[in-house]
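Tertiary structure, described
Each chain, letter by letter, is given below.
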Amino acid sequence: MVNIIVAFPKIENGKKIKNILVKHGFCVSAVCTTGSQALQHADLLEEGIVVCAGRLTDMVYGQLREYLPAGFEMLVVSSPGFWEEKGTEGVLCLPMPLKVHELAGAMGQLAESVTGRKKKRKKARREERGREEGQILKAAKEALMAKRQISEEEAHRYIQKNSMDSGRGLVETAQMVLRMMQEG
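First, a word on scope: everything that follows refers to the structure included in this document. Just so you know, the residues in each chain are numbered from 1, in the order the chain's sequence is written. The predicted nature of this model means local features are confined to residues of pLDDT at least 70 and side-chain atom pairs, given and counted, to a pLDDT of 80 or more, with totals for whole chains, interfaces and linings taken over all residues. The side-chain values count all of the structure's non-hydrogen atoms but skip hydrogen atoms and water molecules.

**Quick notes on the overall build of the chain**
- Each helix corresponds to a stretch of at least 4 residues labelled H or I by DSSP, and each strand to a stretch of at least 2 residues labelled E; elements are numbered beginning at the N terminus. Helix and strand counts for the chain stand at seven helices and five strands.
- The globule rule used here is 2.2 Å times the number of residues to the 0.38 power, and the radius of gyration it is set against is calculated over C-alpha atoms. Since a compact globule built from 184 residues should have a radius of gyration of about 16 Å, the 26 Å found for the chain marks it as more spread out than a globular shape.
- Here the C-alpha coordinates of the chain stretch approximately 75 × 30 × 25 Å along the principal axes.
- Here the chain holds 184 residues, and the buried ones make up 34% of them.
- Counting only contacts in the chain whose residues sit at least 6 apart along the sequence, the fraction spanning at least 24 positions is 55%. Burial classification: accessible surface area is computed with a 1.4 Å probe over protein chains only, and a residue below 20% of its type maximum counts as buried, one above 50% as exposed, and the rest as partly exposed. Note on contacts: a residue pair is in contact if any heavy atoms of the two residues lie within 4.5 Å.

In structure tokens form, the structure reads like this:
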């Protein structure tokens, strides 16, 4: 679920936006009245969406966007004239008066974007971990092949059998083999 921070100078407006979002199945983490409060909440979260007015009590949306962590998207609800003049890249804008279906649609689009980035990062981490684990396994097999004068297939079977016998994972067993080879 995507974290959402709502920031409007009038708390009543922020609560109204929050209620609309919650009714449409979104999770609102915080309702703020200043940009600095929104930034404090954003720093605690890895990623999410900030829904805000064009102008807060301490900053305008462009400044807030600039200081937000990289994993955040922004949706500005303001008069069209305000954001056309001050247009900021990477910001989705909705005109006032706000239509509920437009807000829900825009939030769905932004939530999809945040979720897609999260999935890409997870996949990249998995692939990196897979490469690292493959290198560990390869190094352990090479060490066994050199020390015991066995084939790669036999080295793999040795690691695999020890892994099953000890109830440990293949990579953990390969790491143990490498430590034993270094000690002995």
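**Points about the nonpolar core**
- Buried residues of nine kinds, namely Ala, Val, Leu, Ile, Met, Phe, Trp, Tyr and Cys, make up a nonpolar core once their side-chain atoms join them within 4.5 Å. Membership of the largest hydrophobic core comes to 40 residues, with the highest contact counts inside it found for I4, L21, I49, V51, L64, M74 and M107.
- In terms of residue count, helix α5 (residues 100-148) provides more of this core than any other element does, six residues in total.
- Dropping the residues within four chain positions of it, M107 is found in contact with I4, L21, F26, I49, V51 and L75.
- Of all hydrophobic cores here, the second largest spans seven residues; its members include L137, A140, L144 and I159.

**A few points about the pairing of strand β2 (residues 27-32)**
- Summarising the sheet, strand β1 (residues 3-7) and β2 pair through five bridges and their orientation is parallel. Its bridge partner lying in β2, I4 is registered against V28.
- Orient the strands so they point away from the viewer, and a crossover whose first-strand-to-second-strand path over the helix runs clockwise is right-handed. Crossover β1 to β2 through helix α1 (residues 11-23) is right-handed. Two strands are said to pair when DSSP picks up at least two bridges between them.

**Some remarks on the layout of surface pockets**
- Buriedness of a pocket was judged along seven lines, with at least five required to meet protein on both sides within 12 Å; pockets are open sets of points on a 1 Å grid over the protein atoms alone, cavities are sets where a 1.4 Å probe fits but cannot get out, and lining residues have an atom within 4 Å of a point. Grid points are joined across faces, edges and corners, and a volume is the space filled by probe spheres set on the points. Estimates place the volume of the largest pocket at around 200 Å³.
- Looking at the lining of the largest pocket, the elements with two or more residues in it are α1 and β4 (72-78).
- With four residues, the top contributor of residues to the lining of the largest pocket is α1.
- Each residue gets one of three labels, nonpolar for Ala, Val, Leu, Ile, Met, Phe, Trp, Tyr, Cys and Pro, charged for Asp, Glu, Lys and Arg, and polar for the others, Gly among them. Of the residues contributing to the lining of the largest pocket, the split by class is eight nonpolar, four polar and two charged.

**Here's the deal with a positive patch on the surface**
- Together, K122, K123, R125, R126 and R129 make up a region of like positive charge exposed at the surface.
- Structurally, K123 is set in helix α5. Patch membership needs two things, relative accessible area over 30% and no salt bridge, and members are linked within 9 Å if like-charged or within 5 Å if nonpolar (Val, Leu, Ile, Met, Phe, Trp, Tyr). Methods summary: accessible areas were calculated by the Shrake-Rupley approach with a probe of 1.4 Å, and residue burial reflects only the protein chains presented. Salt bridges, as used here, are contacts in which a Lys or Arg side-chain nitrogen is within 4 Å of a carboxyl oxygen on Asp or Glu. Only four residue types enter the charge count: Lys and Arg as positive, Asp and Glu as negative, with His and the chain ends excluded. All charge positions are set by atom: Lys at NZ, Arg at CZ, Asp at CG, Glu at CD.

**Some remarks on the sheet that holds β1**
- Spatial strand order, β2-β1-β3-β4-β5: five strands in an open sheet with parallel pairing. Strands at the two margins of the open sheet, each flanked by one partner only, are β2 and β5 (91-95). When strand polarity is set aside, the average angle formed by the axes of neighbouring strands in this sheet is 20 degrees.
- As judged from the four bridges shared by β1 and strand β3 (residues 48-53), these two strands associate in the parallel manner. By the bridge assignment, I4 is partnered in β3 with I49.
- What counts as an axis is a line fitted to C-alpha atoms, over the stretch in contact for a helix, and the angles between N-to-C directions run from 0 to 180 degrees. Relative to the sheet, α1 contacts β1, β2 and β3, its axis offset from that of β2 by approximately 175 degrees.

**Describing the packing of α1 against α5**
- Between α1 and α5, the shortest axis-to-axis distance is 10 Å and the interhelical angle comes to 70 degrees. Our classification of the angle between α1 and α5 gives roughly perpendicular. Where α1 crosses over α5, the handedness of that crossing is right-handed. Contacts from I17, I20 and L21 in α1 reach V100, L103 and M107 in α5.
- Of the residues assigned to the contact of α1 with α5, the class counts are six nonpolar, no polar and no charged. Each angle is binned into one of four classes, with values under 35 degrees roughly parallel, values over 145 roughly antiparallel, values of 65 to 115 roughly perpendicular, and all other values oblique. Crossing handedness: left-handed means the near helix sits turned counterclockwise from the far one by under a right angle, and right-handed means the same turn made clockwise.

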